[in-house]
Amino acid sequence: MKVKVWGCRGSLPSPGPENYTYGGNTSCIQVTHGETCIILDSGSGIQRLGKFITPAVREMHILLTHLHIDHTMGLGFFAPLYNPDIEIHIWGPATAGHPLIDRLRRYFSPPLFPIRLTELPNHPIIHELSNEFFSIGDIRIHCEYLCHPGPTLGYRLSDGKATIAYIPDHELRLASNDFPNDPEWTSGYEIAKSADLLFHDGSYTAREYSRKVGWGHSSIDDAIAFAKMCKVKKLAIFHHEPSRSDLEIEQMLQDSLGNEELDFEVQMCAEGNEYNLEDEVENSPER
Ligand SMILES: [Zn+2]
Ligand SMILES: [Zn+2]
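Predicted model, so just to flag it, every value in this text is computed and none were measured.

**Student:** So what's going on with helix α6 (residues 220-230)? Residues and values would help.
**Tutor:** Considered for burial, the residues of α6 that qualify are Ile-220, Asp-222, Ala-223, Ile-224, Phe-226, Ala-227 and Cys-230. Structurally, α6 contributes buried residues whose contacts are with α3 (172-175), α4 (189-192), β11 (197-201), β12 (234-238), α7 (246-257) and β13 (265-268). The first or second residue beyond α6 is Lys-231, which carries a positive phi of 55°.

This is the structure:
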């Protein structure tokens, strides 16, 4: 699997010279494996991704974690949606009484947006998900509801050799009284366990989190504790606060790690990052 980050900012796009390294676009990750093209969330980063799709691609799958605006705002600006030769599938969380297509229609309607879903040349194919396993091409996917306001899914993608987990918005501490001591009762554990690469919400410092309990996000310290519990190989901290500059993001990681030695890699996720999991697995001596 090849993975590319097109946006990792949380809540609001934040362009500007002080955010040059980590980027200003909101959540969007592209996963490719052979012919299969999967896009995780359609934040503002998906607009730029749309310009780099190779002409051979005829089918794309957009997996939405949830419908918060920072994860959907780029959808109407995704050029392949207007290309009648490309079949687009949109997958997202089911909600009692509110079909996913109705929730997407709210976005694609005035006064929020000038074009309606029915006016697109190829109607996207909508799939509702809850806790389940399914496949797209050769990629096996597991999704589960997570602790975040409104129905929100985490995704685990595996090609049989490598596994990535995507949990961009997640409040770990609200979901478990005994975090991080009880994996079985920790929201997201089944999605992230033993992943080669985990993208996880680390919006706040521990101090900030104490004032924002219930807002749906985790501290960087809790994201690291979760990654340790799940025994992942690499953690990419995701959903950077819109007001946080490059320097502040780097400082945040240093402050959180201190002198602690971890047996896995932790990085602050940056827009433009690419990961070639096949190479990493092939280069790994223990496999
Ligand atoms: Zn978000
Ligand atoms: Zn959210």
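**Student:** How would you sum up the sheet that holds strand β10 (residues 163-167)? Please name residues and give values.
**Tutor:** Across the sheet, which stays open at both edges, the seven strands sit in the order β7-β8-β9-β10-β11-β12-β13 with mixed pairing between neighbours. Among the strands making up the open sheet, the edge pair consists of β7 (132-136) and β13. Between one strand and the next, the sheet's axes are offset by a mean angle of 20°, whatever the strand orientation. Direction of pairing for β11 relative to β12: parallel, over a ladder of four bridges. If you follow Asp-201 over to β12, its bridge partner there is Phe-238.

**Student:** I'd love a proper account of the sheet that holds strand β14 (residues 274-276), names of residues and values included.
**Tutor:** Across the sheet, which stays open at both edges, the seven strands sit in the order β6-β5-β4-β3-β2-β1-β14 with mixed pairing between neighbours. Edge positions in the sheet fall to β6 (125-129) and β14, since each has one partner strand and no second. Taken over all neighbouring pairs, the strand axes of this sheet differ in orientation by 20° on average, direction set aside. Here five bridges tie strand β4 (residues 59-63) to strand β5 (residues 87-93), and the two strands are oriented parallel to one another. From the neighbouring strand, Met-60 faces β5, where its bridge partner is Ile-88.

**Student:** Summarise the nonpolar core; cite the residues concerned and give the values.
**Tutor:** Counting 63 residues, the largest nonpolar core has Ile-164 and Leu-198 as its most contacted members. Considering every element that reaches this core, the biggest residue donor is α6, with six residues. With residues up to four places along the chain from it excluded, the contact list for Ile-164 reads Met-1, Val-3, Val-31, Leu-157, Ala-195, Asp-196, Leu-197 and Leu-277.

**Student:** Please set out the environment of Ser-135 residue by residue, giving values where relevant.
**Tutor:** Turning to its location among the elements, Ser-135 is positioned in strand β7. With residues near it in sequence (within four places) discarded, Ser-135 still touches Arg-140 and Ile-141.

**Student:** Residues and numbers for the packing of α6 against α7, please.
**Tutor:** Relative orientation of the contacting elements α6 and α7 amounts to 60°, with a least axis distance of 10 Å. Here α6 is positioned oblique relative to α7, judged by the angle of their axes. Remark: the crossing between α6 and α7 carries right-handed chirality. Residue-level contacts link Ile-220, Asp-221 and Ile-224 of α6 to Met-252, Leu-253 and Ser-256 of α7. Classifying every residue of the contact of α6 with α7 gives four nonpolar, one polar and one charged.

**Student:** Which residues make up unusual backbone geometry, and what are the values?
**Tutor:** The linkage connecting Pro-110 with the following residue, Pro-111, adopts the cis geometry, with an omega of 5°. Summarising the element assignment, Pro-111 is placed in the loop between α2 (100-107) and β6. Cis rather than trans, the peptide bond between Phe-179 and Pro-180 has omega equal to 5°. As for its position among the elements, Pro-180 is in the loop between α3 and α4. Positive phi is not limited to glycine here, since Asp-41 has a value of about 70°. One can find Asp-41 in the loop between β3 (36-40) and α1 (45-49).

**Student:** Please provide a residue-by-residue account of the pairing of strand β8 (residues 139-145), values included.
**Tutor:** Pairing of β7 with β8, which is carried by five bridges, proceeds in the antiparallel orientation. The residue bridging Ser-135 from the neighbouring strand is Arg-140, located in β8. What sits between the antiparallel neighbours β7 and β8 is a turn of two residues, in which Gly-137 has the positive phi angle 55°. The pairing of β8 with strand β9 (residues 153-158) spans six bridges and is antiparallel. Bridge pairing in β9 links Cys-143 to Tyr-155.

What counts and what doesn't
Residues numbered from 1 in each chain as written. Chains lettered and ligands numbered in written order. Predicted model: local features only at pLDDT ≥ 70, side-chain atom pairs only at ≥ 80, totals over all residues. Buried ≥ 20, exposed ≤ 12 C-beta atoms within 10 Å, placed from the backbone. Helix = DSSP H or I, 4+ residues; strand = E, 2+ residues; numbered from the N terminus. Contact = placed C-beta atoms within 7 Å. Pairing = 2+ DSSP bridges. Axes fitted to C-alpha atoms, helices over the stretch in contact; angles between N-to-C directions. Core = buried A, V, L, I, M, F, W, Y, C linked by C-beta atoms within 7 Å. Parallel < 35°, antiparallel > 145°, perpendicular 65-115°, else oblique. Left-handed = near helix turned anticlockwise from the far one by under 90°. Nonpolar A, V, L, I, M, F, W, Y, C, P; charged D, E, K, R; others polar.

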